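# Examination of the molecular architecture
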Amino acid sequence: MKIEHLPVADNSVDVIISNCVINLSPAKPQVWREMARVLKPDGRVAVSDMASLLKPLPPGSAQDCRALVGCVAGPGARSDTERMAREAGLTDIVLKTNPDTSRR
C-alpha cells in the first residue's frame, strides 16, 4: 500500500497517525491531500515523526540514502509542512516541537 493512495473511502477515518512515514514519500502534498480525503469531519491527524525541519540540512544530506531511510533527509521546511496541510484542506493545524530535540 502506498500512503499517496489509501485504500479507504472518502470521509471514513477518525484518526490518522504517522510515525516517520510522510518523510519517506517524495509526493508529500499528495499524502496530505489523501489524509484530508479520508478523514471524517472533525477527524484528527497526529504526526509523531520529524515532519518538518527547523533549520536546513547540511549539504549533501538530502541525497544520502541512509539519511532518507533513517527519516532524517525526508522532511521539508516547517512552513512547507503547514502549507501542504492547509492546501489539502486541513484546519486547526497545530505544529509542536519536541523540546528535547529542538536544541539539536
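See the structure shown above.
Analysis parameters
- Residues numbered from 1 in each chain as written.
- Predicted model: local features only at pLDDT ≥ 70, side-chain atom pairs only at ≥ 80, totals over all residues.
- Heavy atoms only, no water.
- Pairing = 2+ DSSP bridges.
- Helix = DSSP H or I, 4+ residues; strand = E, 2+ residues; numbered from the N terminus.
- Right-handed = clockwise from strand over helix to strand, strands pointing away.
- 1 Å grid on protein atoms, 1.4 Å probe; cavity = no way out; pocket = protein on both sides within 12 Å on 5 of 7 lines; lining within 4 Å.
- Points joined across faces, edges and corners; volume = space filled by probe spheres on them.
- Nonpolar A, V, L, I, M, F, W, Y, C, P; charged D, E, K, R; others polar.
- Core = buried A, V, L, I, M, F, W, Y, C linked by side-chain atoms within 4.5 Å.
- Buried < 20%, exposed > 50% of the residue type's maximum accessible area, 1.4 Å probe, protein only.
- Contact = heavy atoms within 4.5 Å.

Turning to the pairing of strand 2 (residues 39-47), a few remarks are in order. When strand 1 (residues 13-18) meets strand 2, the two strands line up parallel, connected through five bridges. From the neighbouring strand, valine 13 faces strand 2, where its bridge partner is leucine 39. In this fold, strand 1 hands off to helix 1 (residues 28-38), which returns the chain to strand 2; that crossover is right-handed.

Here we come to the layout of surface pockets. The gaps left among the atoms become clear once a water-sized probe is rolled over them. In this structure, the second largest pocket occupies an estimated 180 Å³ of space. Considering the residues around the second largest pocket, the lining is formed by 10 residues, among which Ile3, Leu6, Ile16, Ile17 and Val21 are closest to the centre. By residue number, the principal contributor to the lining of the second largest pocket is strand 1, which donates three residues. Along the lines of polarity and charge, the residues of the lining of the second largest pocket split into nine nonpolar, one polar and no charged.

Here we come to the nonpolar core. Counting 12 residues, the largest nonpolar core is built from Val13, Ile16, Ile22, Val31, Trp32, Met35, Val38, Leu39, Met84, Ala85, Ala88 and Leu90. When residues of this core are traced back to their parent elements, those giving at least two are strand 1, helix 1 and helix 3 (78-87). It is helix 1 that contributes the most residues to this core, four residues altogether. Once residues lying within four places of it in the same chain are set aside, the contact partners of valine 38 are Leu6, Val8, Ala9, Asp10, Asn11, Ser12, Val13 and Ile16.

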